[in-house]
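Inside the fold
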Amino acid sequence: MMTDLPGIVVTGASGRMGQMLIRMIGDSDKMQLTGALERPGHDWIGRDVGEAMGGAAAGVLVEDDPLEAFARAQAVVDFTSPAATVEFAGLAAQARAVHVIGTTGLAPEDLEAIKHAAHHAVIVRAGNMSLGVNLLVQLTKRVAAALDEEFDIEVVEAHHNRKVDAPSGTALMLGEAAAEGRGVSLEDVSDRGRDGITGARKKGDIGFSAIRGGDVVGEHDVIFAGPGERLVLRHLASDRSLFARGALRAALWGQDKTPGEYDMIDVLGLND
Ligand SMILES: NC(=O)C1=CN([C@@H]2O[C@H](COP(=O)(O)OP(=O)(O)OC[C@H]3O[C@@H](n4cnc5c(N)ncnc54)[C@H](OP(=O)(O)O)[C@@H]3O)[C@@H](O)[C@H]2O)C=CC1
Ligand SMILES: O=C(O)C1=N[C@H](C(=O)O)C[C@H](O)C1
(Lines give C-alpha, C1' and ligand atoms only; values in the text may rest on other atoms or scores of the structure.)
(Ligands and ions follow the chains in the order given, each with its own letter.)
Protein backbone atom coordinates (compact mmCIF):
# COMPACT_ATOMS: atom_id res chain seq x y z
CA MET A 1 0.00 0.00 0.00
CA MET A 2 1.43 3.43 -0.95
CA THR A 3 1.73 5.90 1.96
CA ASP A 4 3.51 9.23 2.51
CA LEU A 5 6.51 7.44 4.02
CA PRO A 6 9.80 7.88 2.10
CA GLY A 7 10.02 5.29 -0.68
CA ILE A 8 13.16 3.16 -0.88
CA VAL A 9 14.50 1.16 -3.81
CA VAL A 10 16.82 -1.72 -2.98
CA THR A 11 19.27 -2.69 -5.72
CA GLY A 12 20.72 -6.19 -5.86
CA ALA A 13 17.50 -7.41 -4.23
CA SER A 14 18.48 -11.08 -4.23
CA GLY A 15 21.91 -10.47 -2.64
CA ARG A 16 22.90 -11.04 0.99
CA MET A 17 22.55 -7.35 1.84
CA GLY A 18 19.61 -6.81 -0.55
CA GLN A 19 17.46 -9.39 1.22
CA MET A 20 18.45 -8.11 4.67
CA LEU A 21 17.45 -4.56 3.65
CA ILE A 22 14.11 -5.65 2.19
CA ARG A 23 13.20 -7.51 5.41
CA MET A 24 14.19 -4.52 7.54
CA ILE A 25 12.22 -2.02 5.41
CA GLY A 26 9.18 -4.34 5.64
CA ASP A 27 9.41 -4.15 9.45
CA SER A 28 9.87 -0.35 9.54
CA ASP A 29 7.21 2.28 10.21
CA LYS A 30 9.48 5.07 8.92
CA MET A 31 9.87 4.06 5.26
CA GLN A 32 8.33 1.88 2.58
CA LEU A 33 9.77 -0.37 -0.10
CA THR A 34 8.82 1.02 -3.51
CA GLY A 35 11.26 -0.89 -5.70
CA ALA A 36 13.46 -3.98 -5.84
CA LEU A 37 16.01 -4.20 -8.64
CA GLU A 38 17.95 -7.00 -10.20
CA ARG A 39 19.91 -7.17 -13.44
CA PRO A 40 18.04 -7.94 -16.71
CA GLY A 41 17.56 -11.69 -17.17
CA HIS A 42 17.62 -12.49 -13.43
CA ASP A 43 15.05 -15.14 -12.61
CA TRP A 44 13.43 -12.96 -9.91
CA ILE A 45 12.36 -10.29 -12.46
CA GLY A 46 8.56 -9.93 -12.47
CA ARG A 47 8.10 -11.86 -9.21
CA ASP A 48 6.90 -10.37 -5.91
CA VAL A 49 10.14 -9.78 -3.98
CA GLY A 50 8.76 -11.10 -0.67
CA GLU A 51 7.69 -14.36 -2.32
CA ALA A 52 10.97 -14.64 -4.24
CA MET A 53 12.72 -14.43 -0.85
CA GLY A 54 10.59 -17.35 0.35
CA GLY A 55 8.20 -15.34 2.55
CA ALA A 56 4.91 -13.46 2.34
CA ALA A 57 4.11 -11.15 -0.59
CA ALA A 58 5.63 -7.66 -0.19
CA GLY A 59 3.49 -6.01 -2.89
CA VAL A 60 6.58 -5.02 -4.89
CA LEU A 61 7.64 -6.77 -8.10
CA VAL A 62 11.34 -7.20 -8.87
CA GLU A 63 12.20 -5.05 -11.90
CA ASP A 64 15.23 -4.36 -14.09
CA ASP A 65 14.74 -0.69 -15.11
CA PRO A 66 16.68 1.41 -12.57
CA LEU A 67 15.66 4.87 -13.77
CA GLU A 68 11.95 4.08 -13.65
CA ALA A 69 12.30 2.68 -10.12
CA PHE A 70 14.48 5.58 -8.90
CA ALA A 71 12.06 8.19 -10.29
CA ARG A 72 9.32 6.85 -7.96
CA ALA A 73 11.56 6.80 -4.85
CA GLN A 74 13.17 9.14 -2.33
CA ALA A 75 16.23 6.92 -1.78
CA VAL A 76 18.20 4.13 -3.42
CA VAL A 77 20.06 1.72 -1.14
CA ASP A 78 22.79 0.03 -3.09
CA PHE A 79 24.98 -2.92 -2.13
CA THR A 80 25.90 -4.41 -5.49
CA SER A 81 29.07 -4.26 -7.60
CA PRO A 82 31.31 -1.34 -8.66
CA ALA A 83 30.04 -1.28 -12.28
CA ALA A 84 26.39 -1.32 -11.19
CA THR A 85 26.96 1.31 -8.51
CA VAL A 86 28.59 3.75 -10.93
CA GLU A 87 25.63 3.37 -13.31
CA PHE A 88 23.14 3.79 -10.43
CA ALA A 89 24.93 6.92 -9.18
CA GLY A 90 24.27 8.70 -12.49
CA LEU A 91 20.65 7.55 -12.60
CA ALA A 92 19.89 8.33 -8.94
CA ALA A 93 21.31 11.83 -9.49
CA GLN A 94 19.05 12.22 -12.53
CA ALA A 95 16.07 11.18 -10.38
CA ARG A 96 17.29 13.41 -7.49
CA ALA A 97 17.03 10.42 -5.14
CA VAL A 98 19.40 10.00 -2.16
CA HIS A 99 21.91 7.28 -3.10
CA VAL A 100 23.28 5.23 -0.21
CA ILE A 101 26.30 3.28 -1.43
CA GLY A 102 27.60 0.30 0.54
CA THR A 103 29.36 -1.33 -2.42
CA THR A 104 33.11 -1.85 -1.91
CA GLY A 105 35.98 -2.56 -4.30
CA LEU A 106 35.46 0.78 -6.09
CA ALA A 107 38.40 1.84 -8.30
CA PRO A 108 39.68 5.45 -8.38
CA GLU A 109 37.76 6.11 -11.64
CA ASP A 110 34.55 4.77 -10.02
CA LEU A 111 35.04 7.16 -7.09
CA GLU A 112 35.53 10.01 -9.57
CA ALA A 113 32.22 9.18 -11.31
CA ILE A 114 30.44 9.04 -7.94
CA LYS A 115 31.92 12.40 -6.96
CA HIS A 116 30.58 13.86 -10.19
CA ALA A 117 27.07 12.47 -9.55
CA ALA A 118 27.14 14.03 -6.07
CA HIS A 119 27.03 17.49 -7.66
CA HIS A 120 23.36 16.79 -8.39
CA ALA A 121 22.13 14.63 -5.52
CA VAL A 122 22.91 13.46 -2.00
CA ILE A 123 25.23 10.45 -1.88
CA VAL A 124 26.14 8.70 1.35
CA ARG A 125 28.99 6.24 0.81
CA ALA A 126 30.84 4.13 3.36
CA GLY A 127 32.77 0.88 3.19
CA ASN A 128 31.08 0.01 6.47
CA MET A 129 27.73 1.33 7.71
CA SER A 130 28.02 0.17 11.33
CA LEU A 131 28.30 2.49 14.32
CA GLY A 132 31.12 0.39 15.79
CA VAL A 133 33.38 0.53 12.75
CA ASN A 134 32.87 4.26 12.30
CA LEU A 135 33.86 4.78 15.92
CA LEU A 136 36.86 2.55 15.30
CA VAL A 137 37.83 4.79 12.36
CA GLN A 138 37.92 7.79 14.71
CA LEU A 139 39.87 5.85 17.35
CA THR A 140 42.37 4.63 14.76
CA LYS A 141 43.03 8.18 13.61
CA ARG A 142 43.65 9.33 17.19
CA VAL A 143 45.91 6.43 18.12
CA ALA A 144 47.92 6.77 14.89
CA ALA A 145 48.38 10.48 15.63
CA ALA A 146 49.60 9.70 19.15
CA LEU A 147 52.14 7.01 18.21
CA ASP A 148 55.23 7.54 16.09
CA GLU A 149 56.73 5.33 13.38
CA GLU A 150 58.29 3.05 16.01
CA PHE A 151 54.79 1.51 15.96
CA ASP A 152 54.15 -0.55 12.83
CA ILE A 153 50.52 -0.37 11.70
CA GLU A 154 48.88 -3.49 10.27
CA VAL A 155 45.21 -3.87 9.27
CA VAL A 156 43.96 -7.48 9.32
CA GLU A 157 40.50 -8.40 8.09
CA ALA A 158 38.46 -11.62 7.83
CA HIS A 159 35.34 -12.24 5.73
CA HIS A 160 33.15 -15.03 4.35
CA ASN A 161 34.23 -17.11 1.37
CA ARG A 162 31.89 -15.34 -1.10
CA LYS A 163 33.54 -11.93 -0.76
CA VAL A 164 35.07 -10.79 -4.06
CA ASP A 165 37.22 -7.77 -3.10
CA ALA A 166 40.31 -7.38 -0.91
CA PRO A 167 41.30 -5.56 1.17
CA SER A 168 37.77 -4.96 2.40
CA GLY A 169 36.24 -1.50 2.16
CA THR A 170 36.42 -1.31 5.95
CA ALA A 171 40.13 -2.20 6.00
CA LEU A 172 40.77 0.61 3.52
CA MET A 173 38.75 3.07 5.66
CA LEU A 174 40.85 2.07 8.67
CA GLY A 175 44.07 2.36 6.66
CA GLU A 176 43.02 5.83 5.46
CA ALA A 177 42.27 6.84 9.05
CA ALA A 178 45.67 5.60 10.25
CA ALA A 179 47.43 7.44 7.42
CA GLU A 180 45.49 10.62 8.15
CA GLY A 181 46.40 10.36 11.83
CA ARG A 182 50.06 10.06 10.83
CA GLY A 183 49.78 12.92 8.37
CA VAL A 184 50.75 10.82 5.34
CA SER A 185 48.98 9.67 2.19
CA LEU A 186 47.86 6.02 2.29
CA GLU A 187 48.84 5.70 -1.36
CA ASP A 188 52.49 6.35 -0.41
CA VAL A 189 52.71 3.90 2.51
CA SER A 190 50.26 1.10 1.71
CA ASP A 191 51.80 -2.42 1.70
CA ARG A 192 49.42 -5.00 0.22
CA GLY A 193 49.83 -8.66 -0.69
CA ARG A 194 53.20 -9.70 0.77
CA ASP A 195 54.54 -12.92 -0.72
CA GLY A 196 58.03 -14.42 -1.11
CA ILE A 197 61.29 -12.69 -0.17
CA THR A 198 59.75 -9.31 0.56
CA GLY A 199 62.66 -7.84 2.50
CA ALA A 200 62.22 -6.35 5.94
CA ARG A 201 59.18 -4.25 6.70
CA LYS A 202 59.59 -0.63 5.66
CA LYS A 203 59.26 1.83 8.54
CA GLY A 204 56.07 3.87 8.23
CA ASP A 205 54.26 1.42 5.97
CA ILE A 206 50.65 0.46 6.67
CA GLY A 207 50.20 -3.24 5.91
CA PHE A 208 47.02 -5.08 4.90
CA SER A 209 46.17 -8.79 5.21
CA ALA A 210 42.94 -10.54 4.23
CA ILE A 211 41.51 -13.85 5.48
CA ARG A 212 38.61 -15.48 3.57
CA GLY A 213 36.60 -18.40 4.91
CA GLY A 214 33.25 -19.84 5.92
CA ASP A 215 30.47 -17.45 6.87
CA VAL A 216 32.48 -14.77 8.73
CA VAL A 217 30.36 -11.59 8.57
CA GLY A 218 33.30 -9.20 8.99
CA GLU A 219 36.20 -8.83 11.43
CA HIS A 220 38.81 -6.06 11.52
CA ASP A 221 41.92 -5.52 13.63
CA VAL A 222 44.15 -2.46 13.55
CA ILE A 223 47.44 -3.47 15.12
CA PHE A 224 49.99 -0.95 16.38
CA ALA A 225 53.10 -3.07 17.01
CA GLY A 226 55.82 -1.19 18.87
CA PRO A 227 58.93 -2.00 20.91
CA GLY A 228 57.84 -4.27 23.74
CA GLU A 229 54.10 -3.68 23.35
CA ARG A 230 51.25 -4.13 20.88
CA LEU A 231 47.97 -2.26 20.81
CA VAL A 232 45.08 -3.96 18.96
CA LEU A 233 41.85 -2.16 18.07
CA ARG A 234 39.18 -4.68 17.01
CA HIS A 235 35.68 -4.74 15.56
CA LEU A 236 33.70 -7.98 15.19
CA ALA A 237 30.45 -8.03 13.21
CA SER A 238 28.28 -11.06 13.89
CA ASP A 239 25.10 -10.02 12.06
CA ARG A 240 24.65 -8.26 8.69
CA SER A 241 21.61 -6.40 10.03
CA LEU A 242 23.93 -3.80 11.57
CA PHE A 243 25.07 -2.72 8.08
CA ALA A 244 21.46 -2.58 6.82
CA ARG A 245 20.36 -0.55 9.86
CA GLY A 246 23.10 2.01 9.20
CA ALA A 247 22.26 2.22 5.49
CA LEU A 248 18.56 2.83 6.13
CA ARG A 249 19.40 5.44 8.73
CA ALA A 250 21.53 7.15 6.07
CA ALA A 251 18.66 7.01 3.54
CA LEU A 252 16.41 8.95 5.95
CA TRP A 253 19.19 11.30 7.10
CA GLY A 254 19.91 12.31 3.51
CA GLN A 255 16.37 13.47 2.76
CA ASP A 256 16.85 17.11 3.79
CA LYS A 257 20.54 17.49 2.88
CA THR A 258 21.99 19.52 0.03
CA PRO A 259 23.67 17.63 -2.85
CA GLY A 260 27.14 16.35 -2.04
CA GLU A 261 29.05 13.26 -0.96
CA TYR A 262 28.70 12.28 2.69
CA ASP A 263 29.78 9.32 4.81
CA MET A 264 28.56 7.51 7.92
CA ILE A 265 30.68 9.75 10.15
CA ASP A 266 28.39 12.58 8.95
CA VAL A 267 25.23 10.52 9.39
CA LEU A 268 26.17 9.40 12.90
CA GLY A 269 27.40 12.87 13.91
CA LEU A 270 30.85 11.53 14.86
CA ASN A 271 32.87 14.39 13.35
CA ASP A 272 35.47 15.64 15.79
N1 LIG B 1 29.31 -0.86 3.41
C2 LIG B 1 28.90 -1.88 4.18
O3 LIG B 1 28.55 -1.73 5.37
C4 LIG B 1 28.81 -3.24 3.55
C5 LIG B 1 29.21 -3.39 2.26
N6 LIG B 1 29.05 -4.59 1.63
C7 LIG B 1 29.38 -4.62 0.20
O8 LIG B 1 28.17 -4.67 -0.54
C9 LIG B 1 28.38 -5.38 -1.76
C10 LIG B 1 27.37 -6.51 -1.88
O11 LIG B 1 27.60 -7.45 -0.86
P12 LIG B 1 26.68 -8.76 -0.72
O13 LIG B 1 25.25 -8.38 -0.53
O14 LIG B 1 27.34 -9.61 0.29
O15 LIG B 1 26.91 -9.39 -2.18
P16 LIG B 1 25.94 -10.33 -3.03
O17 LIG B 1 26.77 -10.88 -4.14
O18 LIG B 1 25.21 -11.26 -2.14
O19 LIG B 1 24.88 -9.31 -3.63
C20 LIG B 1 25.14 -8.40 -4.66
C21 LIG B 1 23.87 -8.31 -5.49
O22 LIG B 1 23.99 -7.25 -6.44
C23 LIG B 1 23.47 -7.73 -7.67
N24 LIG B 1 23.91 -6.96 -8.81
C25 LIG B 1 25.15 -6.90 -9.33
N26 LIG B 1 25.13 -6.12 -10.43
C27 LIG B 1 23.84 -5.68 -10.59
C28 LIG B 1 23.17 -4.85 -11.53
N29 LIG B 1 23.83 -4.31 -12.56
N30 LIG B 1 21.85 -4.61 -11.38
C31 LIG B 1 21.18 -5.14 -10.36
N32 LIG B 1 21.75 -5.96 -9.43
C33 LIG B 1 23.06 -6.21 -9.56
C34 LIG B 1 23.94 -9.17 -7.70
O35 LIG B 1 23.24 -9.90 -8.68
P36 LIG B 1 24.01 -11.10 -9.46
O37 LIG B 1 24.10 -12.19 -8.46
O38 LIG B 1 23.09 -11.38 -10.60
O39 LIG B 1 25.34 -10.57 -9.89
C40 LIG B 1 23.60 -9.60 -6.28
O41 LIG B 1 22.23 -9.93 -6.15
C42 LIG B 1 29.85 -5.81 -1.72
O43 LIG B 1 30.61 -4.85 -2.41
C44 LIG B 1 30.19 -5.81 -0.24
O45 LIG B 1 31.55 -5.64 0.02
C46 LIG B 1 28.50 -5.67 2.25
C47 LIG B 1 28.11 -5.57 3.56
C48 LIG B 1 28.25 -4.35 4.32
O1 LIG C 1 31.42 -8.08 1.75
C2 LIG C 1 31.04 -8.05 2.94
O3 LIG C 1 30.39 -8.96 3.45
C4 LIG C 1 31.37 -6.86 3.74
N5 LIG C 1 31.90 -5.85 3.12
C6 LIG C 1 32.25 -4.60 3.68
C7 LIG C 1 33.74 -4.38 3.52
O8 LIG C 1 34.26 -4.65 2.42
O9 LIG C 1 34.38 -3.91 4.45
C10 LIG C 1 31.73 -4.40 5.07
C11 LIG C 1 31.62 -5.63 5.92
O12 LIG C 1 32.84 -5.91 6.49
C13 LIG C 1 31.01 -6.81 5.17
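Numbering of residues begins from 1 in every chain and follows the order in which that chain's sequence is written. Chains carry letters from A onward and ligands carry numbers from 1 onward, assigned in written order. Where local features are concerned, this predicted model is filtered to residues with pLDDT of at least 70; where side-chain atom pairs are given and counted, the filter is 80 or more; whole-chain, interface and lining totals use all residues. In computing side-chain values, all of the structure's heavy atoms are included and hydrogens and water are not.

**Comments concerning the packing of helix 4 (residues 82–94) against helix 5 (residues 108–117)**
What describes two packed helices is the angle between their axes and the distance between those same axes. Viewed as axis vectors pointing N to C, helix 4 and helix 5 meet at an angle of 15°, and their least axial separation amounts to 9 Å. Between helix 4 and helix 5, the interaxial angle falls into the category roughly parallel. The two elements helix 4 and helix 5 meet at a crossing, and its hand is left-handed. The segment helix 4 lies against helix 5, with P82, T85, V86, A89, G90 and A93 engaging D110, A113, I114 and A117. Each residue receives one of three labels: charged for Asp, Glu, Lys and Arg, nonpolar for Ala, Val, Leu, Ile, Met, Phe, Trp, Tyr, Cys and Pro, and polar for the others, Gly being one of them. Classifying every residue of the contact of helix 4 with helix 5 gives 7 nonpolar, 2 polar and 1 charged. A fitted line through C-alpha atoms represents every axis, and for helices the fit uses only the stretch in contact; the resulting angles, taken between N-to-C directions, go from 0 to 180 degrees. In this text, helices come from DSSP runs of H or I with a minimum length of four residues, and strands from runs of E with a minimum of two, each type numbered from the N-terminal end. Between 65 and 115 degrees an angle is taken as roughly perpendicular, under 35 as roughly parallel, over 145 as roughly antiparallel, and anywhere else as oblique. Rotating anticlockwise by less than a right angle from the far helix to the near helix defines a left-handed crossing, while the corresponding clockwise rotation defines a right-handed one. The contact criterion used is simple: two residues touch if any of their non-hydrogen atoms lie within 4.5 Å.

**With respect to the site of ligand 2**
Here a residue is near a molecule or strand as soon as one of its heavy atoms is found within 4 Å of it. Close to ligand 2 lie T104, G127, N128, H159, H160, K163, S168, G169, T170, V217, H220 and F243, which account for all nearby residues. The definition of a polar contact used here is a pair of N or O atoms within 3.5 Å, where within protein one atom must be able to donate a hydrogen and the other to accept one, and adjacent residues in sequence count solely through side-chain atom pairs. Here an oxygen atom of ligand 2 and a backbone polar atom of G127 are 3.4 Å apart. Between ligand 2 and the protein, one listed contact pairs an oxygen atom with a side-chain N or O atom of T170 at 2.5 Å. Every accessible area reported is derived by Shrake-Rupley at a probe size of 1.4 Å, with residue values counting cover from the shown protein chains alone. In isolation ligand 2 has 320 Å² of accessible area, and contact with the protein removes 85% of it. By residue class, the composition of the shell around ligand 2 is 2 nonpolar, 9 polar and 1 charged.

**Comments concerning the packing of aromatic side chains**
Stacked, edge-to-face and tilted are the three classes for Phe, Tyr and Trp ring pairs, Trp counted by its six-membered ring, which pair at centre distances within 6.5 Å; planes under 30 degrees apart are stacked, over 60 edge-to-face, the rest tilted. Applying the stated criterion to the full structure yields 2 aromatic pairs. A ring pair is formed by F70 and F88, whose centres lie 5.7 Å apart and whose planes are at 75°; its orientation type is edge-to-face. Remark: F88 occurs in helix 4 and F70 occurs in helix 3 (residues 66–71); sequence separation between them is 18 residues. Burial here depends on accessible area, computed with a 1.4 Å probe over protein chains only, as a share of the maximum for the residue type. Under 20% is buried, over 50% is exposed, and the range in between is partly exposed. Of the residues examined, F70 reaches a relative accessible area of 0% and is grouped as buried. Ring centres of W253 and Y262 lie 5.1 Å apart, and the angle between their planes is 80°; on these two criteria the pair is classed as edge-to-face. Its relative accessible area of 18% is what places Y262 among the buried residues.

**Considering the UniProt feature "active site" (unreviewed entry) in the protein**
UniProt positions are given in the numbering used here, feature names are shortened, and annotations may be inferred rather than shown by experiment. The UniProt feature table records "active site" (unreviewed entry) at H159 and K163. One can find H159 in strand 7 (residues 152–159). By relative accessible area, H159 is classed as buried at 8%. Leaving out residues up to four positions away in the same chain, H159 has contacts with S168, I211, R212, G213, V216, V217, G218 and H220. Its location among the elements puts K163 in the loop between strand 7 and helix 7 (169–182). Judged by its relative accessible area of 19%, K163 is buried. Residues contacting K163, with those up to four places away along its chain left out, are T104, S168 and R212. There is a polar contact of 3.5 Å between the side chain of K163 and the side chain of T104.

**Concerning the sheet that holds strand 11 (residues 229–237)**
With mixed pairing, 5 strands are arranged side by side in an open sheet as 8-9-7-10-11. Lying at the two open borders of the sheet, with one neighbouring strand each, are strand 8 (190–192) and strand 11. The mean inter-strand angle of the sheet, taken between neighbouring strand axes irrespective of direction, is 20°. Against the sheet, helix 6 (residues 131–146) engages strand 7, strand 10 (218–226) and strand 11, with an angle of about 165° to strand 11. We call two strands paired when DSSP finds no fewer than two bridges between them.

**Looking at the side chain of T85**
As for its placement among the helices and strands, T85 is situated in helix 4. By relative accessible area, which is 0% here, T85 ends up buried.

**Points about helix 7**
Between the first and last C-alpha of helix 7 there are 20 Å, a value that for 14 residues agrees with the 20 Å anticipated at 1.5 Å per step. As for helix 7, its buried residues are in contact with helix 6, strand 7, helix 8 (186–189), strand 9 (206–212) and strand 10. Downstream of helix 7 by one or two residues, G183 has phi in the positive range, about 75°. Multiply 1.5 Å by the residue count of a helix minus one, and that product is the helix's expected span.

**Remarks on the environment of A166**
Take A166: it is sitting in the loop between strand 7 and helix 7. As for A166 and A210, which are separated by 44 residues in sequence, their C-alpha atoms are 6.6 Å apart. Once residues within four sequence positions are removed from consideration, A166 is found in contact with E157, R192, A210 and R212.

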